[in-house]
Amino acid sequence: MKKLIQALFCAMAVLLIASCGSTPKAEPEPQVQDAVEEVKEEVKEEAVDFSAGNQALFALTETAREAAIAADAKKYYPDGFDAAEAKYTSIKNKLAEDPSKDYSAEIKDLTDRYNSLAAASQAQALKEKADSLSLSGEDKASYDAGAKALEEYAAMGTGAAGKDLLAKAQEALSAYSDVVNKGLKANAARERNAALEAKKNADSVKAGIARKDEYKKASDTFKKADSAYVTANIEGAFNGYKSAKETFNYLYEDIKDKRAKAQALIDAAKQKVADSESYAAEADTIAPLAGEVAGIEKEDAVLLEEDKFENPDEAVINVEEGVTAKTAEKVAETAIAAEEAVKDAGEAK
């Protein structure tokens, strides 16, 4: 019995040892942090492609370049334009060789540079127009401000940043735009009044009947000028009023001259008739005629059909009626009043 108990004990001990030996070992946990770091490294190493962005920005540069050329930047600012062209060629080559790199800063600077050339050139052109039309006195403060801004723009040279050049050029353009717009507005107002006066003269010689087509064309030109005036196309309005005025003046002078010549012929003919009647009366006294004589009409005979002329009043075209005409009239009055106020202020100083 004692031996049996020892045998069982030994067997249990063996089973226990076997059981402990078969327990699986715990596997090490995966290194999550290391994997995250590896992913981050891969993202950092992947290059960003700026090709599409570069092309979109460079399209704006092309537009600005065309505007500078159209504004005659080559004539007004040859050095600045040549410098911009050199940068243009350089960036274009870079885009061809390595398009994916970020060139946004360079491209934006060049776009500003071209836009500045366009604005400064437009300001120069407006200055020339103001000088040719003697508009410098219309708004002297703006004229002087524009001149100063252009001088400063030129002094900045080609080494200045594009955004700084653009700001100064826009300053000059804004000043000269004010000068020309205000001056032309007042000039257009005066031209409108002159055209109306010329039309009254043309109406006095019945131009609407004598030269119907030319008269109507001039009236239509005046109406179109009114439309341009109220829609702020000041230069178009000025040119329209000027054209209408010149046509009305021509019609008046030409018709008046021809009528004067015709009247002279009529007066001469009347004189001849009067002389003939005097001679006939004298002859009749000496040797009076008896009965009807062939070739001599009766006193009550109708020699010519009665002329039926068009009503002169109906031939007159009224260019001062309607909303557009009334609005143009108010704009003209305001422009002249503003001009006089500026002149008064200048004289007060």
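Residues take numbers from 1 onward in each chain, read along the sequence in its written order. At least 70 in pLDDT is required for a residue's local features to be given in this predicted model, at least 80 for side-chain atom pairs to be given and counted, and no such filter applies to totals for whole chains, interfaces and linings, which use all residues. Side-chain metrics in this entry use all non-hydrogen atoms of the structure; hydrogen atoms and water are not considered.

**Structural notes on the overall build of the chain**
This is how it is decided: The way it works is that DSSP assigns letters per residue, a run of H or I at least four long becomes a helix, a run of E at least two long becomes a strand, and they are numbered from the N terminus. Under the scheme applied here, a residue whose accessible area is under 20% of the maximum for its type counts as buried, over 50% as exposed, and between as partly exposed, the area being computed with a 1.4 Å probe on protein chains only. Areas reported as accessible are Shrake-Rupley estimates using a 1.4 Å probe. Residue values count occlusion only from the protein chains shown.
A tally of helices and strands in the chain yields 13 helices and zero strands. For the chain, the α and β elements follow one another from N to C terminus as α-α-α-α-α-α-α-α-α-α-α-α-α. Taking all 349 residues of the chain together, 29% fall into the buried category. Taken as a whole, the chain presents about 23400 Å² of accessible surface, with 56% of it coming from carbon and sulfur.

**Describing the packing of aromatic side chains**
Stated precisely, the cut-off is as follows: Any two rings among Phe, Tyr and Trp, with Trp reduced to its six-membered ring, count as a pair given centres within 6.5 Å; such a pair is stacked if its planes are under 30 degrees apart, edge-to-face if over 60, and tilted if neither.
Considering all chains together, one arrives at eight aromatic pairs under this definition. Plain terms: the ring middles of Tyr-77 and Tyr-153 are 5.2 Å apart, the flat faces sit at 80° to each other, and that makes the pair edge-to-face. Note that Tyr-77 is positioned in the loop between α4 (73–76) and α5 (78–97) and Tyr-153 in helix α7 (residues 140–156), a separation of 76 residues in sequence. Centre to centre, the rings of Tyr-143 and Tyr-176 are 5.6 Å apart; their planes meet at 90°, and the pair counts as edge-to-face.

**Some points on the nonpolar core**
Cut-off, in case you're wondering: Among buried residues, the Ala, Val, Leu, Ile, Met, Phe, Trp, Tyr and Cys ones that are joined through side-chain atoms within 4.5 Å form a nonpolar core.
One finds Tyr-114, Leu-117, Tyr-229 and Tyr-241 to be the most contacted residues of the largest nonpolar core, which totals 66 residues. Ranked by residue count, the leading element in this core is helix α8 (residues 162–204), at 14 residues.

**Points about the pattern of salt bridges**
The condition that has to hold: The term salt bridge refers to a pairing of a side-chain nitrogen on Lys or Arg with a carboxyl oxygen on Asp or Glu at a separation within 4 Å.
This structure, assessed with the given rule, holds 20 salt bridges. Between Lys-168 and Glu-152 there is a salt bridge, with its nearest N and O atoms 2.7 Å apart. Taken together, the residues Lys-168 in helix α8 and Glu-152 in helix α7 connect sequence positions 16 residues apart. Residue classification places Lys-168 among the buried residues on the basis of a relative accessible area of 18%. Its relative accessible area of 27% is what places Glu-152 among the partly exposed residues. Notably, a salt bridge pairs Asp-254 with Lys-258, separated by 3.3 Å at the nearest N-O pair. One end of the pair is Asp-254 and the other is Lys-258, both in helix α11 (residues 234–286) and four residues apart, which spans about a single turn. Since its relative accessible area comes to 15%, Asp-254 is described here as buried.

**Considerations on the environment of Lys-182**
On the secondary structure map, Lys-182 appears in helix α8. A relative accessible area of 47% means that Lys-182 is categorised as partly exposed. In this structure the C-alpha to C-alpha distance between Lys-182 and Leu-135, which are 47 residues apart in sequence, comes to 8.7 Å.

**Side note on α7**
Applied cut-off: Here the expected span of a helix is defined as 1.5 Å times the quantity of residues minus one. Residues are treated as being in contact if the distance between any of their heavy atoms lies within 4.5 Å.
The end-to-end C-alpha distance of α7 is 25 Å, a good match for the 24 Å that 17 residues give at a rise of 1.5 Å each. Buried residues in α7 make contact with α6 (104–132) and α8. A positive phi of about 70° marks Gly-157, the residue just after α7.

**A few points about the packing of helix α3 (residues 51–70) against α5**
Geometry of a packed helix pair, given as the angle between the helix axes and the separation of the axes. The following threshold applies: Think of each axis as a best-fit line through the C-alpha atoms, taken over the contacting stretch in the case of a helix, with angles from 0 to 180 degrees between the N-to-C directions. Roughly parallel means an angle under 35 degrees; roughly antiparallel, over 145; roughly perpendicular, 65 to 115; everything else is oblique. Left-handed describes a crossing in which the near helix is turned anticlockwise from the far one by less than a right angle; the clockwise case is right-handed. Think of it as three bins: nonpolar holds Ala, Val, Leu, Ile, Met, Phe, Trp, Tyr, Cys and Pro, charged holds Asp, Glu, Lys and Arg, and polar takes everything else, Gly as well.
Interaxial distance between α3 and α5 falls to 12 Å at its minimum, and their mutual angle equals 155°. Overall, the two elements α3 and α5 adopt an arrangement that is roughly antiparallel. As α3 runs across α5, the sense of the crossing is left-handed. Facing α3, whose interface residues are Asn-54, Gln-55, Phe-58, Thr-61, Glu-62, Arg-65, Ala-68 and Ile-69, α5 presents Phe-81, Glu-85, Tyr-88, Ile-91, Lys-92 and Leu-95. Looking at the contact of α3 with α5 residue by residue, the class counts come to seven nonpolar, three polar and four charged.

**Comments concerning the confidence of the model for the chain**
To be explicit about the condition: Residue-level confidence of the predictor is summarised by pLDDT, bounded by 0 at the bottom and 100 at the top.
With 73% of its residues at a pLDDT of 70 or more, the chain shows a mean pLDDT of 82. Segment residues 301–309 is flagged for pLDDT under 50; beyond a separation of four residues in sequence, or across chains, it makes one contact in the model.

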